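Chain by chain, the residues run as shown.
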Amino acid sequence: MKKYFILSLCIAAYCTAIGQVARPIISIIPQPASVQAGKGSFILRSTTAIEISSADADARRVAGYLSKKLSSATGYPTPIKTSATNLNTTGNIRLTISADTTLGTEGYRLTVIPNSVTITAYKPAGLFYGMQTLLQLLPKEIESNTAVKNVSWTIPAATISDKPRFGWRGLMFDVSRHFFTKQDVKDYIDQMVRFKYNLLHLHLTDDEGWRIEIKGLPRLTEVGAWNVKKVGYFGTFPPPGPDEPRDYGGFYTQNDIKEIVQYAKERFVNILPEVDVPGHSLAAVVAYPDLSCTPGAEKYRVRSGEVIMDWSHGAPPIALVDNTLCPANEKVYDFLDKVMTQVAELFPFEYIHVGGDECPKNFWEKSDAIKALMQKEGLKNMEEVQSYFEKRLEKIVESKGKKFLGWDEILEGGLAPSAAVMSWRGMKGGIEAAKMKHEVVMSPTDFAYIDYMQGDPVIEPRVYATLRLRDAYKFEPIPDGVDPIYIKGGQANLWTEQIYNMRHAQYMTWPRGLAIAEAVWSPKKSRNWNDFLPRVEKQFERFDIAEVKYAPSVYDPIITVKKVSNDQLQVELSTEAQGLDIHYTFDNTFPDKFYPKYTGPLNVPKEAFSLNVITYRNGKAIGRQLNFPVTELQKRVGRK
Ligand code: ACM
């Protein structure tokens, strides 16, 4: 029985003869629809070329990417050979466009035999995704940007047929809260396509910065793109003084946007622009104060992380500063018409995202202009006021030939039939919208908010909520009872209030971005956490070589605390990653593998000051040391 078990594990991992050097295992994220291991392997050599029979410029570009990637890591020339017919040269990699429509516009078939590698697709995007899979079949050193010597560039024989579950596979990058340069955005695109994402949602405007040049509205970027540089915990800063320089931030010129859009297109990525209105609009209000209903708005300043909302009563927040556009002001619709005209011209994608989230209503409640609008239009409450605004904005967006998309708040107070909804406050907004026959993209906080902490707050940079990898992996975009035709797909959202630089953006995106990639690409039935986690660990090795940062939080101990008597705390420890030993101490020193190993619930000694823990695998430290002060443990009693 045991032997049979080991054998089946071996088959599952596509390994070879026991006791021999194993062939590289097939470990791909997102898991392809179908993988069949073959016999033997293909070896990439200095003589290997890439053959392409298609004259299609997009297909040829994919060949170019592959050649560049292979040659920079291997040092081999890997030239591209073009021919009207398949050359079928032994030892080469062939890219073929086929008339087989069953692969769909993004699917591919990858066949590796000892003599050749062939990627077949109906469209060039499929070749691109086949290439991504091929790269993951190569040894991890393929991620190197410089030539690596003494590697056998072996690709295990396999037949892989693959196509995505959803057409909308998105990542949202908030470039407003902190500005990220054009090059940062390109780098982010380069990383996301490795895992077959095809949509980048750019959150371009918010209270902290307006990031896109709009001709004829120069103050949006002259004034609205700049705040005061602060470091620490964003959201807790004191308001900046009048003398502090407002030189932190930036924006994309229209040429920059064109360059980013083109860069994305060449990598089969659409860019979804978001202009977040009527809330989250302080930068626009500061630039043009007469867009506000509130007298005195000209004294406002672009937010630099100071408190501008009171969230103590839940959502919507109570604004301390009116960060909204005024729905009762015709100038607002003229402004939005100008903005949407240019946004529509710059971004070829069929949707424009108009935000609509977290719009405070307390200043509107006090506004005579809003009261007059309500009377004139028969609007009963503030939700209907926002709904009036959204419907007018929808007409503007549609007049530019674009589809209207907003966060799920746009459902409140009534929604125009053709509007699409991005569900973020859990899945329920999406479920409700789908039942009303609206198109839906799922990006719920419960699974897809990758700005949340991914491990314990004693070590992670503090954010107000936690989303561990294992929970992100539970993301299922199609809820029970919903007609799948309304669910366009899903995306993960990277808000950047607490993200000050690109390295941390990477840390927050990976590995949870891998979990979401699999949720939106792979067949539902193939998804399995125990199978996923070892594949994630393989990606860690690749990230290390590619010098992409990722969170190692899966190796950190997870703690739960309870009280077993009046004055006795007890802790239980576990980890997300498998096969780890947890070593601990209560004596304020640095635990290592010579310290006690956790085997079951621990009673906290009465006078202990801190529980310090670290994880090991096979005798090597793998996790980070976490120190839990007993005062912190006390606060956590009963928390999950
Ligand atoms: C959101 O997270 N406010 C859409």
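Caption draft 1: Representation of the overall build of the protein in the model. Summing up its helical and strand segments, the protein has 18 helices and 28 strands in all. Relative to the globule expectation of 26 Å for 640 residues, the C-alpha radius of gyration of the protein, 27 Å, shows essentially globular dimensions. Projected onto its principal axes, the C-alpha positions of the protein cover 80 × 75 × 50 Å. Looking at the protein as a whole, 57% of its 640 residues are labelled buried. In the protein, the share of contacts with a sequence separation of at least 24, taken over all contacts with a separation of at least 6, comes to 70%. Just so you have it, the protein exposes about 26,700 Å², and 54% of that area is on carbon and sulfur atoms. Measuring between centres, the 78 positive side-chain charges of the protein sit 7 Å from its 74 negative side-chain charges.

Caption draft 2: Local environment of the packing of aromatic side chains. Counting across every chain of the model gives 30 aromatic pairs. When the centroid spacing of 5.4 Å and the interplanar angle of 70° are considered together, the rings of Tyr452 and Tyr464 count as edge-to-face. Of this pair, Tyr452 sits in the loop between helix 13 (445–448) and helix 14 (469–472) while Tyr464 is found in the loop between helix 13 and helix 14, placing the two residues 12 residues apart along the sequence. A residue is classified by how much of its surface remains accessible, and Tyr452, at 10% relative accessible area, is buried. Each ring, one from Phe540 and one from Tyr555, has its centre 6.0 Å from the other, and the planes form 70°; the classification is edge-to-face. One end of the pair, Phe540, is in helix 17 (residues 529–546); the other, Tyr555, is in the loop between helix 17 and strand 22 (558–565), and 15 residues separate them in sequence. Assessed through its relative accessible area of 3%, Phe540 is described here as buried. Grouped by ring-pair contacts, the aromatic residues Phe195, Trp510, Phe540, Phe543, Tyr550 and Tyr555 constitute a single cluster. Above the ring of Tyr263, the side-chain terminus of Arg267 is found at 3.6 Å from the ring centroid. Above the ring of Tyr473, the side-chain terminus of Arg527 is found at 5.2 Å from the ring centroid.

Caption draft 3: The arrangement of the pairing of strand 21 (residues 487–494) in detail. Among the eight residues in strand 21, seven count as buried, and that is most of the element. Both strand 8 (residues 168–174) and strand 21 contribute to a ladder of six bridges, which runs parallel. Each bridged residue has a counterpart across the sheet, and for Phe173 the counterpart in strand 21 is Leu494. Note: strand 20 (residues 440–442) against strand 21, three bridges, orientation parallel. Note on strand 21: the bridge partner recorded for Val440 is Ile487.

Caption draft 4: Spotlight on helix 3 (residues 124–137). Its 14 residues place the ends of helix 3 20 Å apart at the C-alpha level, agreeing with the 20 Å of an ideal helix rising 1.5 Å per residue. With respect to burial, helix 3 is a largely interior element, 14 of its 14 residues being buried.

Caption draft 5: Up close: the sheet that holds strand 1 (residues 34–43). Here we have seven strands laid out as an open sheet, ordered 1-7-5-6-4-2-3, and mixed in their pairing. Of all strands in the sheet, those with a lone pairing partner are strand 1 and strand 3 (80–82), marking the two edges. For this sheet, the mean inter-axis angle between neighbouring strands, taken without regard to orientation, is 20°. Pairing between strand 5 (residues 108–113) and strand 6 (residues 116–121): five bridges, direction antiparallel.

Caption draft 6: Fine view of the sheet that holds strand 25 (residues 602–603). On the basis of which strands lie adjacent, the open sheet formed by three strands has the order 22-23-25 and antiparallel pairing. Either end of the sheet is taken by a strand with one partner, and the two such strands are strand 22 and strand 25. As paired strands, strand 22 and strand 23 (residues 568–574) are joined by seven bridges and run antiparallel to one another. The residue of strand 23 that forms the bridge with Thr560 is Glu572.

Caption draft 7: Spatial organisation of the nonpolar core. Core analysis: the biggest nonpolar cluster contains 179 residues, and Phe173, Ile189, Leu200, Trp210, Phe335 and Leu393 have the highest contact counts within it. No other element matches helix 8 (residues 330–346), which puts nine residues into this core. Residues contacting Leu393, with those up to four places away along its chain left out, are Val277, Leu336, Met340, Val354 and Phe404.

Caption draft 8: Main features of helix 4 (residues 182–193). Helix length check: helix 4, at 12 residues, gives a terminal C-alpha distance of 17 Å against a target of 16 Å (1.5 Å per residue), a fit within 8%. If you check which residues of helix 4 are buried, you get Asp184, Val185, Lys186, Tyr188, Ile189, Gln191, Met192 and Val193.

Caption draft 9: Here's a closer look at the pairing of strand 7 (residues 154–162). Judged by how many residues are buried, strand 7 sits mostly within the fold: seven of nine residues are covered. Relative to strand 7, strand 1 is paired through seven bridges, and the arrangement is antiparallel. The residue bridging Ile43 from the neighbouring strand is Thr154, located in strand 7. Pairing geometry for strand 5 and strand 7, over five bridges, is antiparallel.

Caption draft 10: Just the state of the cysteines, in detail. Tallied over the entire structure, the rule returns one disulfide. With a sulfur-sulfur separation of 2.0 Å, Cys293 is cross-linked through a disulfide to Cys326. Handedness here is read from the sign of the S-S torsion; for Cys293 and Cys326, about 90°, the answer is right-handed. You can see Cys293 sitting in the loop between helix 7 (282–287) and strand 15 (309–310) and its partner Cys326 sitting in the loop between strand 16 (318–319) and helix 8, a full 33 residues away along the chain. By relative accessible area, Cys293 is classed as buried at 16%. In this structure Cys326 comes out as buried when scored by relative accessible area, which is 2%.

Caption draft 11: Just unusual backbone geometry, in detail. Following Val277, the chain continues to Pro278 via a peptide bond in cis, the omega torsion being 0°. Of note, Pro278 is situated in the loop between strand 14 (270–277) and helix 7. The linkage connecting Trp510 with the following residue, Pro511, adopts the cis geometry, with an omega of 15°. Of note, Pro511 is situated in the loop between helix 15 (502–509) and helix 16 (512–521). Backbone geometry places Lys437, a non-glycine residue, at a positive phi of 70°. Counting through the fold element by element, Lys437 comes out in the loop between helix 12 (428–435) and strand 20. In the Ramachandran plot, Asn588 falls in the positive-phi region, its phi being about 70° despite a non-glycine side chain. Assignment of secondary structure puts Asn588 in the loop between strand 24 (581–585) and strand 25.

Calculation rules
Residues numbered from 1 in each chain as written. Predicted model: local features only at pLDDT ≥ 70, side-chain atom pairs only at ≥ 80, totals over all residues. Heavy atoms only, no water. Helix = DSSP H or I, 4+ residues; strand = E, 2+ residues; numbered from the N terminus. Rg over C-alpha atoms; globule rule 2.2 N^0.38 Å. Buried < 20%, exposed > 50% of the residue type's maximum accessible area, 1.4 Å probe, protein only. Contact = heavy atoms within 4.5 Å. Areas by Shrake-Rupley, 256 points an atom, 1.4 Å probe, with all protein chains shown as cover. Lys, Arg positive; Asp, Glu negative; His and termini not counted. Charge placed at Lys NZ, Arg CZ, Asp CG, Glu CD. Phe/Tyr/Trp six-rings, centres within 6.5 Å; stacked < 30°, edge-to-face > 60°. Lys NZ or Arg CZ within 6 Å of the ring centre and 35° of its normal. Pairing = 2+ DSSP bridges. Expected span 1.5 Å × (residues − 1). Axes fitted to C-alpha atoms, helices over the stretch in contact; angles between N-to-C directions. Core = buried A, V, L, I, M, F, W, Y, C linked by side-chain atoms within 4.5 Å. Disulfide = S-S within 2.5 Å.

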